[in-house]
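Here is how the chains run, residue by residue.
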Amino acid sequence: RNSFETKAVKQNIQSVACLQPKVQASFKVAVLGAAGGIGQPLSLLVKMSPLVSDLHLYDIANVKGVAADLSHCNTPSEVLAFTGPEQLADALKGVDVVVIPAGVPRKPGMTRDDLFNINAGIVKTLVEAVADNCPDAFIHIISNPVNSTVPIAAEVLKQRGVYNPKKLFGVTTLDVVRANTFVAQKKNLKLIDVDVPVIGGHAGITILPLLSRTKPSVSFSNEEIEELTVRIQNAGTEVVEAKAGAGSATLSMAYAAARFVESSLRALDGDSDVYECSFVQSELTEVPFFASRIKLGKKGIEAFVNSDMQGLTDYESKGLEALKSELKASIEKGIAFANKQA
Ligand code: NAI
């Protein structure tokens, strides 16, 4: 069970309701792209965390108002606004966790890869600043296409001599959140109990929910497996189409990203029982970056949950083989971009 829904939320509710946080706030978090559709609700959720002492909001525009607004919430963290490239270094100094939702979202008819040309450059520039100002921070990449932007970030960090693969994460938590929700609905389970690992990458068929690993243990018909898998893979498009040109998932994404931030902070705080799925440098398969369940600790990734990959069903094994070439191509595209520009 992921404790975001349990321990962290209870702590948040207690601290917001009683105005007396039970946990000592001590970590600094920066959100880059904080004035955007994801950035704003994400910043609000991070502002609720009792583990955060400083919340740095960075964007190229409109972030001053967001910070003024959030700063009136009587939770422990101090909120500061940073606008434009000249203030980026200050936004990052001393930060423990950097979250990057900067960039353009999809419109109907677009794939995540269609965003590459704009978002690749944005992520590259921002990660260069991270490398120069807080190379030791956990880096959470939300900007799509995650399958390419994470390898770009890795190359940039390598170029600056500060790459630590244990601390670079592509945020795929929304795939897990969606899988948990859809499975609970389909099988009439209590949502809080459901946990479905999702492996592979974060686009179309590269998103592979391991329904056979669902907790609590539950059986699915072949039709249910097909229907749920396809729905989880296309859930982002469901939202893009429903928003009809007004962007992609922002609120559920903010929720998912806040869960990943809270998990990272708990790990940094010494909690020894923190597991999340994330798209990271990996040796679980021959694909160099791969999403899987990882154990988080003070120094980043502590372990990979290898057991998830053993005893896959035929359906899952076929899905895994099918996703590898697309995932590899997206990774190579990111690496080529980062090195062409270097
Ligand atoms: P948005 O357009 O509402 O917000 C993006 C923000 O980034 C804006 O405030 C913009 O000013 C800012 N920005 C642009 N260039 C910047 C730069 N160089 N430095 C700092 N800030 C900059 O977009 P939204 O909906 O918040 O989505 C952001 C990204 O997240 C998109 O790439 C989207 O595809 C991705 N996304 C990822 C998901 C995931 O599961 N990993 C899920 C949903 C969206």
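Quantities reported herein were computed from a predicted structural model and do not represent experimental measurements. (Residues numbered from 1 in each chain as written. Predicted model: local features only at pLDDT ≥ 70, side-chain atom pairs only at ≥ 80, totals over all residues.)

Caption draft 1: Spotlight on the overall build of the chain. Helix and strand content of the chain: 11 helices and 11 strands. Radius of gyration (C-alpha) of the chain: 19 Å, near the 20 Å computed for a compact globule of 342 residues. If one aligns the C-alpha atoms of the chain with their principal axes, the spans along those axes are about 50 × 50 × 40 Å. Each of the 342 residues in the chain was classed as buried or not, and the buried ones make up 51%. (Helix = DSSP H or I, 4+ residues; strand = E, 2+ residues; numbered from the N terminus. Rg over C-alpha atoms; globule rule 2.2 N^0.38 Å. Buried ≥ 20, exposed ≤ 12 C-beta atoms within 10 Å, placed from the backbone.)

Caption draft 2: How the structure looks around the nonpolar core. Judged by nonpolar contacts, the single largest core of 102 residues is most densely connected at Val29, Leu57, Val98, Ala153 and Ala257. The leading source of residues in this core is helix α10 (residues 251-268), at 10 residues. (Core = buried A, V, L, I, M, F, W, Y, C linked by C-beta atoms within 7 Å.)

Caption draft 3: Region of the structure containing the pairing of strand β4 (residues 97-100). What you see with β4 is no split at all: Val97 and Val99 on one side and Val98 and Ile100 on the other are buried throughout. Pairing of strand β1 (residues 27-32) with β4, which is carried by three bridges, proceeds in the parallel orientation. Paired with Ala30 across the two strands is Val98, which belongs to β4. Between the parallel pair β4 and strand β5 (residues 138-141), the chain is carried across by helix α5 (residues 116-133), and the sense of this crossover is right-handed. (Pairing = 2+ DSSP bridges. Right-handed = clockwise from strand over helix to strand, strands pointing away.)

Caption draft 4: Molecular detail of the UniProt feature "domain: Lactate/malate dehydrogenase C-terminal" (unreviewed entry) in the chain. Mapped onto this numbering, the UniProt entry annotates "domain: Lactate/malate dehydrogenase C-terminal" (unreviewed entry) at residues 172-337. For residues 172-337, helix accounts for 47% and strand for 17%, while the C-alpha atoms at its two ends are 22 Å apart. (UniProt positions renumbered as here; feature names shortened; annotations may be inferred.)

Caption draft 5: Molecular detail of the packing of helix α7 (residues 173-187) against helix α8 (residues 222-233). Where α7 contacts α8, the axes come no closer than 10 Å and their chain directions differ by 145°. Seen along the crossing, α7 lies across α8 with a hand that is right-handed. Facing α7, whose interface residues are Asp175, Arg178, Ala179, Phe182, Val183 and Lys186, α8 presents Glu224, Leu228, Arg231 and Ile232. (Axes fitted to C-alpha atoms, helices over the stretch in contact; angles between N-to-C directions. Left-handed = near helix turned anticlockwise from the far one by under 90°. Contact = placed C-beta atoms within 7 Å.)

Caption draft 6: Layout of α7. Its 15 residues give α7 an end-to-end C-alpha distance of 21 Å, which sits within 8% of 21 Å, the value for a rise of 1.5 Å per residue. Elements that come into contact with the buried residues of α7 comprise β7 (198-200), β8 (207-209), α8, α9 (235-243), α10 and β9 (274-281). (Expected span 1.5 Å × (residues − 1).)

Caption draft 7: Structural context of the site of the ligand. Of all residues adjacent to the ligand, which total 33 residues, the nearest are Gly33, Gly36, Gly37, Ala102 and Asn144. Of all the elements, α5 adds the most residues to the shell around the ligand, at four residues. Of the residues belonging to the shell around the ligand, the class tally is 18 nonpolar, 13 polar and two charged. (Near = placed C-beta within 6 Å. Nonpolar A, V, L, I, M, F, W, Y, C, P; charged D, E, K, R; others polar.)

Caption draft 8: The environment of Leu296, seen in detail. You can see Leu296 is positioned in strand β10 (residues 289-297). Residue Leu296 is classed as buried on the basis of its C-beta count, with 26 C-beta atoms lying within 10 Å. Separated by 130 residues in sequence, Leu296 and Lys166 place their C-alpha atoms 9.0 Å apart. Aside from chain neighbours lying at most four places away, what touches Leu296 is Ser263, Ser264, Ala267, Val274, Glu276, Ile301 and Glu302.

Caption draft 9: Seen up close, α8. Between its first and last C-alpha, α8 extends 17 Å over 12 residues, near the 16 Å set by a 1.5 Å rise per residue. For α8, the full list of buried residues reads Leu228, Thr229, Ile232 and Gln233. Each buried residue of α8 sits inside an arc of 130° when the element is viewed along its axis, so together they form one side. Residues of α8 that are exposed and point over 90 degrees away from its buried face: Glu223, Glu226 and Val230. In the core, the buried residues of α8 are packed alongside α7, β8 and α9. (Arc of directions from axis to C-beta.)

Caption draft 10: Region of interest: the confidence of the model for the chain. Residue-level pLDDT values for the chain average 94, and 93% of them are 70 or greater. This model gives residues 8-21 a pLDDT under 50, and the stretch forms 19 contacts once residues within four places in sequence are excluded. As scored by the predictor, the complex reaches a pTM of 0.94 and an ipTM of 0.99. (pLDDT = per-residue confidence, 0-100.)

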